[in-house]
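Survey of secondary and tertiary structure
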Amino acid sequence: MKYLLDRTDEQILVELKANARISHADLSAKVNLSRNAVRVRIERLEREGFIKGYTILTGDGGNSQNVTTALIFVYRHDRMRGGEVVQALRKIPEVVACDVMTGDFDLLVRVESPEADRIRQIWQLIAEMPGVRDTLTAFALSSVIRR
């Protein structure tokens, strides 16, 4: 059964979006709960998929000019039963998006890293995953529209 958010959960998410580094003590004061109750709720929000990861912005407040982006097209052996590939991709922090596609390839995976060599490592990891038949990788030269 999927967990439904209540007003307090929504407040916690709003506060974390505004400042992901907020302490549990400060967050508990904002949502009128104990620190322990806030911690338990955050853990549940993570477990239920409402919080899917944390992003670290460095340098000039997250200017992505120093980030290398790659699109990896993934061909699975079995489109219908290839869920283990998606589960494994969820565990790679540099995977910022994964879309199931129609047509020749199965998945479109967007990978972002400040180090191009890390993208090569991720590509190799994906290519060696059980269930992956083949991959095709393209590096983004520049982003002309980003919302």
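Residues numbered from 1 in each chain as written. Predicted model: local features only at pLDDT ≥ 70, side-chain atom pairs only at ≥ 80, totals over all residues. Heavy atoms only, no water.

As annotated in an unreviewed UniProt entry, the protein chain carries the name AsnC family transcriptional regulator and comes from Rhizobium hidalgonense.

Some details on the packing of aromatic side chains
How two aromatic rings sit relative to each other is set out by the distance from centre to centre and by the angle between their planes. Put simply, the rule reads: Centres within 6.5 Å are what make two rings of Phe, Tyr or Trp a pair, Trp counting through its six-membered ring; a difference in plane orientation under 30 degrees is then read as stacked, over 60 as edge-to-face, and the rest as tilted. By the criteria applied, helices consist of DSSP H or I runs no shorter than four residues and strands consist of E runs no shorter than two, each listed in order from the N terminus. Relative accessibility thresholds used throughout: buried, under 20% of the residue-type maximum; exposed, over 50%; partly exposed, between the two (1.4 Å probe, protein chains only).
Under the defined criterion, the tally for this structure stands at two aromatic pairs. Both rings, one in Phe73 and one in Phe105, keep their centres 4.6 Å apart while their planes meet at 70°; by these two values the pair is edge-to-face. Pair noted here: Phe73 is in strand E1 (residues 68-76) and Phe105 is in the loop between strand E2 (95-100) and strand E3 (107-113), with a separation of 32 residues, a long-range link. Both rings, one in Tyr75 and one in Phe105, keep their centres 6.4 Å apart while their planes meet at 75°; by these two values the pair is edge-to-face. Pair noted here: Tyr75 is in strand E1 and Phe105 is in the loop between E2 and E3, with a separation of 30 residues, a long-range link. No difference in accessibility class separates Tyr75 from Phe105, as the two residues are buried. By way of ring pairs, the aromatic residues Phe73, Tyr75 and Phe105 are connected into one cluster.

Points about the environment of Asp134
Applied cut-off: Any two residues having at least one pair of non-hydrogen atoms within 4.5 Å are treated as being in contact.
Within the secondary structure, Asp134 sits in strand E4 (residues 132-139). With 29 residues separating them along the chain, Asp134 and Phe105 place their C-alpha atoms 9.2 Å apart. Other than its neighbours up to four places away in sequence, Asp134 contacts Phe73, Val74 and Tyr75.

Notes on the nonpolar core
Defined as follows: Definition of nonpolar core: a set of buried residues of the types Ala, Val, Leu, Ile, Met, Phe, Trp, Tyr and Cys, connected through side-chain atoms within 4.5 Å.
Counting residues in each nonpolar core, the largest one holds 16 residues, and the members touching the most others are Leu89, Val109 and Ile126. Of all elements in the fold, only E1, helix H4 (83-90), E3 and helix H5 (116-127) reach the threshold of two or more residues within this core. Apart from the residues lying within four places of it in its own chain, the contact partners of Leu89 are Val95, Cys98, Leu107, Val109, Ile126 and Met129. The next biggest cluster of nonpolar side chains, apart from the first, holds ten residues, and it includes Ile12, Leu13, Ile42 and Ile51.

Here we look at the pattern of salt bridges
Under the convention used in this document: Here a salt bridge means any side-chain nitrogen of Lys or Arg lying within 4 Å of a carboxyl oxygen belonging to Asp or Glu.
Per the counting criterion, the structure on display carries nine salt bridges. Between Glu112 and Arg110 there is a salt bridge, with its nearest N and O atoms 3.0 Å apart. Among the ionic pairs, Arg120 bridges to Asp117, the shortest N-O distance being 2.9 Å. In this pair, Arg120 and Asp117 both sit in helix H5, three residues apart, roughly one turn of the helix. The exposure class of Arg120 is partly exposed, given its relative accessible area of 40%. According to the relative accessible area criterion, Asp117 is partly exposed, its value standing at 41%. Ionic contacts of the salt-bridge type, sharing partners, join the residues Asp6, Asp9, Arg41 and Arg44 into one network.

Quick notes on the environment of Ser34
Note on placement: Ser34 falls in the loop between helix H2 (24-31) and helix H3 (35-47). According to the relative accessible area criterion, Ser34 is partly exposed, its value standing at 43%.

A word on unusual backbone geometry
With glycine set apart, most residues show a phi of negative sign, and most peptide bonds adopt trans. Phi at Asn32 is positive, roughly 60°, even though this residue is not glycine. Structurally, the position occupied by Asn32 is in the loop between H2 and H3. In this structure Asn32 comes out as exposed when scored by relative accessible area, which is 68%.

Some remarks on the sheet that holds E3
Inclusion rule: Only when DSSP finds a minimum of two bridges between them are two strands counted as paired. Only the stretch in contact is used when fitting a helix axis, every axis being a line fitted to C-alpha atoms; angles between N-to-C directions are given from 0 to 180 degrees.
Taken together, the four strands give an open sheet; going across it, the order is E2-E3-E1-E4, and neighbouring strands pair in antiparallel fashion. The open sheet has two edge strands, E2 and E4, and neither has a second partner. Strand-to-strand twist across the sheet, computed as the mean angle between neighbouring axes with direction ignored, equals 20°. Taken together, the five bridges between E2 and E3 define a ladder with antiparallel strand orientation. Considered in E3, the bridge of Ala97 is made with Arg110. Seen against the sheet, H4 touches E1, E2, E3 and E4 and runs at an angle of roughly 15° to E3.

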